[in-house]
Amino acid sequence: MSDIATRCWWLSEALAHPEFRGEPAPPLLGDTAADVVVVGGGYTGLWAAWQLRQLEPGIDVVVLERDECGFGPSGRNGGFINGFYDHAATLVDLFGRDGAVKVIEAGARTIDELEAWMTVHGVDAWFRREGYIGLASSPAQAGGWVEPLEVARELGIEDRYRVLDREALGAFVRSPVFEGGHHVDDGGTVQPARLARGLRRVAMEHGIRVHEHTPVTRLEPGRHGGMGPVEAVTPRGTVRAKHAVLAINAWAGGTKRFGSRIVPRASYIAITAPVPDRLADIGWTSGVSIYDYRSALRYLRTTPDGRIAMGVGGERGTWNGKVDDRFDFDERGTQHAVDAIHRFFPGFRDVPIEARWGGPIDVTSSHQPFTGTFAGDRIHYALGYTGNGVGPSHLMGKILAARILGRETDDTRLPLVDYEPRRFPPQPFRSLGAAIVNAATVRRDDALDATGRVDPVTDQLARMPRRMGYHLGP
Ligand SMILES: Cc1cc2nc3c(=O)[nH]c(=O)nc-3n(C[C@H](O)[C@H](O)[C@H](O)COP(=O)(O)OP(=O)(O)OC[C@H]3O[C@@H](n4cnc5c(N)ncnc54)[C@H](O)[C@@H]3O)c2cc1C
């Protein structure tokens, strides 16, 4: 098993079960033809393949994955399925009121559809739909619920939200540092690797051809003025197809076409040993998931056997925009997650940390995913989830499939389609800027949490992306 499958608790848990281990999917050896070739075997690629077979059962789809399906962020993430509710303000800015409502409604439908799909196909991914809480974990964060509520009112979706004072919050979870927050009732959690590997199993059972350990080294749009097939070239064979789907998430940050739209940043997770009694002590016995109002995201949830999984976002990047092994694990990054568990829940200081791992996030300047087509209508892509891809990748899979088959649906008319987030500055300013701003954002969060104050230089640096018109940072 690869390092990440051993390191990431979700993956090792899932792979211990034959239904999630699944049948082997050997590397591509030799050339082949297909109707559609999908590059990348995470949620986006597998959902696109699945939706294609749903819409047109005879269609021949080949998925090429450089590692194993779900070994990227799809099998390693926090498992939150939150739709777009907390992105409402940004969506209004980008697409206006109506556009924002349509995206939020599509996100909500996705949660229903995911739940139904898991039931129909017998994929037990520990789905719980008990909503999520945004909260203040220091006095400086208090009031973080005001803006989400105001925007929700503007959009007429405030019935989904409930403000929680300290006492009301205590009915969900108790911590000496929690100050109050807001609950959104429409959200869920999954065991992310079970979902990714369940999707792989179901896709293969339905005739989708999957080749793992098969990196695509070149994607050629097609000879003869674009009229010929798209060619996905791999070390030991080529797939020729009418259409290609590019579903490579943060790995697109290292490509010429998407390098200026995506900056890969790491997110790291730590998970405790099972301690259901300690969870009962802090009153966290429901399936509600949590994030706090820091600018650099921190998120936490529980598991059915009584663990806390805590994640931190906005961690390291790379100088060339390429994903490397340091995204899989970083001692310091994962320690930030452990420290946060201990600060929130001092009674957990002696609870063993059972695993730590990480993965790359494909950050866009708007914090929103985008999908489109190039090379005529030959190559279709969806990426840029910026850490919110578990639900939205299902929506993108539907859009990709419909567009490939030339069908227009409510989903293909969403404003996320053919939208391009604003470019980041060119290199080396992009990576340098991202590193400086990121470090300032974390310093600002830490200073505000500790003292309620921040020095003006750090504050200005952290606020720079907003001042430049990006929807990132404080
Ligand atoms: C630590 C962490 C926590 C997260 N938490 C959450 C969360 O709680 N909720 C949420 O909604 N989102 C979360 N996310 C984001 C979420 O995991 C992603 O948005 C989602 O998995 C994207 O799916 P994908 O299929 O587009 O990408 P991926 O899962 O990254 O799949 C892309 C695949 O492409 C493959 N690939 C790359 N290059 C090539 C190539 N040249 N040839 C062939 N294959 C290639 C990769 O190996 C990979 O398997 C988190 C991400 C991380 C890293």
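Residues numbered from 1 in each chain as written. Predicted model: local features only at pLDDT ≥ 70, side-chain atom pairs only at ≥ 80, totals over all residues. Heavy atoms only, no water.

> How should the overall build of the protein chain be read in this particular structure?
Regarding its fold elements, the protein chain presents 14 helices and 18 strands. Relative to the 2.2 N^0.38 estimate, which gives 23 Å for 474 residues, the radius of gyration of the protein chain is 21 Å and therefore close to what a compact globule would have. When the backbone C-alpha atoms are referred to their principal axes, the protein chain occupies close to 65 × 45 × 40 Å. Out of the 474 residues belonging to the protein chain, those deemed buried represent 59%. Taking contacts inside the protein chain between residues at least 6 apart in sequence as the whole, the part at least 24 apart equals 75%. Total accessible area on the protein chain stands at roughly 18,600 Å², and carbon and sulfur atoms take up 53% of it. (Helix = DSSP H or I, 4+ residues; strand = E, 2+ residues; numbered from the N terminus. Rg over C-alpha atoms; globule rule 2.2 N^0.38 Å. Buried < 20%, exposed > 50% of the residue type's maximum accessible area, 1.4 Å probe, protein only. Contact = heavy atoms within 4.5 Å. Areas by Shrake-Rupley, 256 points an atom, 1.4 Å probe, with all protein chains shown as cover.)

> Honestly, the pairing of strand E10 (residues 230-234) in this entry has me stumped. Any pointers?
On a regular strand, each side chain points to the face opposite its neighbour's, so the side chains alternate between the two faces of the sheet. Most of E10 sits inside the fold, with five of its five residues counted as buried. Burial along E10 is two-sided: Val230, Ala232 and Thr234 and Glu231 and Val233, pointing in opposite directions, are all buried. Relative to E10, strand E9 (residues 218-220) runs antiparallel, the two sharing three bridges. Counterpart to leucine 219 in the pairing with E10 is alanine 232. Where E10 meets strand E11 (residues 237-246), five bridges bridge the pair, whose relative direction is antiparallel. When the bridges of E11 are listed, glutamate 231 appears paired with arginine 240. (Pairing = 2+ DSSP bridges.)

> Would you mind going over a nonpolar patch on the surface with me for this structure?
On the surface, a nonpolar cluster with roughly 330 Å² of combined accessible area is contributed by Trp319, Leu432 and Ile436. Inspection of the secondary structure assignment puts leucine 432 in helix H13 (residues 429-451). Note on leucine 432: relative accessible area 40%, which makes it partly exposed. (Patch = residues over 30% accessible without salt bridge, like charges linked within 9 Å, V, L, I, M, F, W, Y side chains within 5 Å. Salt bridge = Lys/Arg side-chain N within 4 Å of Asp/Glu carboxyl O.)

> Hey, could you run me through unusual backbone geometry in this one?
Outside of glycine, negative phi angles account for most residues, and trans bonds account for most peptide bonds. Note the cis peptide between glutamine 427 and proline 428, where omega equals 0°. Tracing the chain through its elements places proline 428 in the loop between helix H12 (392-404) and H13. Although it is not a glycine, asparagine 249 sits at a positive phi angle of roughly 50°. Its place among the elements puts asparagine 249 in the loop between E11 and strand E12 (263-272). Backbone geometry at aspartate 418 places phi at a positive 60°, although glycine is not the residue there. With respect to the helices and strands, the residue aspartate 418 is situated in the loop between H12 and H13.

> Would you mind going over the nonpolar core with me for this structure?
Buried together is how nonpolar side chains tend to be arranged in soluble globular proteins. One finds Trp10, Trp117, Leu195 and Trp357 to be the most contacted residues of the largest nonpolar core, which totals 107 residues. Excluding anything up to four places from it in sequence, tryptophan 117 contacts Trp47, Trp50, Val123, Leu195, Gly198, Leu199 and Val202. Grouped together as the second largest cluster of nonpolar side chains are 30 residues, Val177, Val275, Val338 and Phe344 included. (Core = buried A, V, L, I, M, F, W, Y, C linked by side-chain atoms within 4.5 Å.)

> I would appreciate a short explanation of the site of the ligand in the present structure.
Taken together, the neighbourhood of the ligand is formed by 34 residues, with Thr44, Glu65, Ser74, Asn249 and Val390 sitting nearest. Taking glutamate 65, its side chain carries an N or O atom lying 2.7 Å from an oxygen atom of the ligand. Measuring from an oxygen atom of the ligand, one finds a backbone N or O atom of proline 73 at 3.3 Å. With the chains in place, 96% of the 1,000 Å² that the ligand exposes on its own is no longer accessible. Elements with a minimum of two residues in the shell around the ligand: helix H4 (43-55), E12 and strand E16 (353-363). Broken down by element, the residue count for the shell around the ligand peaks at three residues, all from E16. (Near = heavy atom within 4 Å. Polar contact = N/O pair within 3.5 Å; in protein donor to acceptor, adjacent residues only side chain to side chain.)

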